Amino acid sequence: LSVTDAWSPQAPPGRMMAGFMQLENQGSEPIVLTHGESQRFGRVEIHTMRMDEGVMRMRKLDTLEIPAGERVELRSGGLHLMLMQPKGAFELGDRFELDLIDSAGHRWPVSLEVRERRRN
């Protein structure tokens, strides 16, 4: 699994944050992510945003499959990580680590940079 452009928009201290990145499965088998772990957050979940009867709703996903040879984008308004129960404050330019964990228990390390929130 190749991870590029991993970042998180800055949030007020104590507030949930999000994780965005490009994930590319360079292998010959699908990778099925189930969740993440980080020493800087109490929980790391995979979420999606969908329009439901004219209202944008977020929901937790149990798995995110990245097919062999394909790329998946985690971005604002779509698939993303929810970084819950932050431990400490985050300033612009800070970096923090997390592991994406797949259904086989393999850990995929990711380093995210805290950036200014982008407008869509």
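Notes on the structure follow. (Residues numbered from 1 in each chain as written. Predicted model: local features only at pLDDT ≥ 70, side-chain atom pairs only at ≥ 80, totals over all residues. Heavy atoms only, no water.)

### Focus on the environment of Lys60
Item 1. Secondary-structure assignment places Lys60 in strand 5 (residues 55-61).
Item 2. Since its relative accessible area comes to 42%, Lys60 is described here as partly exposed.
Item 3. As a C-alpha pair, Lys60 and Leu81 span 21 residues in sequence and 9.3 Å in three-dimensional space. (Helix = DSSP H or I, 4+ residues; strand = E, 2+ residues; numbered from the N terminus. Buried < 20%, exposed > 50% of the residue type's maximum accessible area, 1.4 Å probe, protein only.)

### Concerning the pattern of salt bridges
Item 1. Tallied over the entire structure, the rule returns seven salt bridges.
Item 2. Residues Glu45 and Arg43 are paired through a salt bridge, measuring 3.0 Å at the closest nitrogen-oxygen approach.
Item 3. Across the pair Arg107 and Asp99 runs a salt bridge, and its minimum N-O distance is 2.9 Å. (Salt bridge = Lys/Arg side-chain N within 4 Å of Asp/Glu carboxyl O.)

### Structural notes on the pairing of strand 10 (residues 107-115)
Item 1. On strand 10, burial follows the alternation: Trp108, Val110, Leu112 and Val114 on one face are buried, whereas Arg107, Pro109, Ser111, Glu113 and Arg115 on the facing-out side are not.
Item 2. For strand 1 (residues 2-9) and strand 10, the ladder comprises three bridges, and the chain directions are parallel. Each bridged residue has a counterpart across the sheet, and for Ser8 the counterpart in strand 10 is Val114.
Item 3. Here seven bridges tie strand 9 (residues 95-102) to strand 10, and the two strands are oriented antiparallel to one another. Considered in strand 10, the bridge of Leu98 is made with Val110.
Item 4. Taken together, strand 9 and the strand that follows it, strand 10, pair antiparallel across an intervening segment of four residues, in which Gly105 is found at a positive phi of about 85°. (Pairing = 2+ DSSP bridges.)

### Brief notes about the packing of aromatic side chains
In this description, an aromatic ring pair is defined by two values, namely the gap between the centres and the angle between the planes.
Item 1. Counting across every chain of the model gives four aromatic pairs.
Item 2. Plain terms: the ring middles of Phe90 and Phe96 are 5.4 Å apart, the flat faces sit at 70° to each other, and that makes the pair edge-to-face.
Item 3. On the basis of relative accessible area, Phe90 is assigned to the buried category, the value being 6%.
Item 4. In this structure an aromatic cluster arises from ring pairing among Phe41, Phe90 and Phe96. (Phe/Tyr/Trp six-rings, centres within 6.5 Å; stacked < 30°, edge-to-face > 60°.)

### Observations regarding the nonpolar core
Item 1. One finds Met21, Leu33, Leu81, Phe96, Leu98 and Leu100 to be the most contacted residues of the largest nonpolar core, which totals 25 residues.
Item 2. Here this core takes four residues from strand 10, the largest share from any one element.
Item 3. The residues contacting Leu33, other than those within four sequence positions of it, are Leu1, Leu23, Ile46, Asp62, Thr63, Leu64, Ile66, Leu100, Ile101, Asp102 and Trp108. (Core = buried A, V, L, I, M, F, W, Y, C linked by side-chain atoms within 4.5 Å. Contact = heavy atoms within 4.5 Å.)

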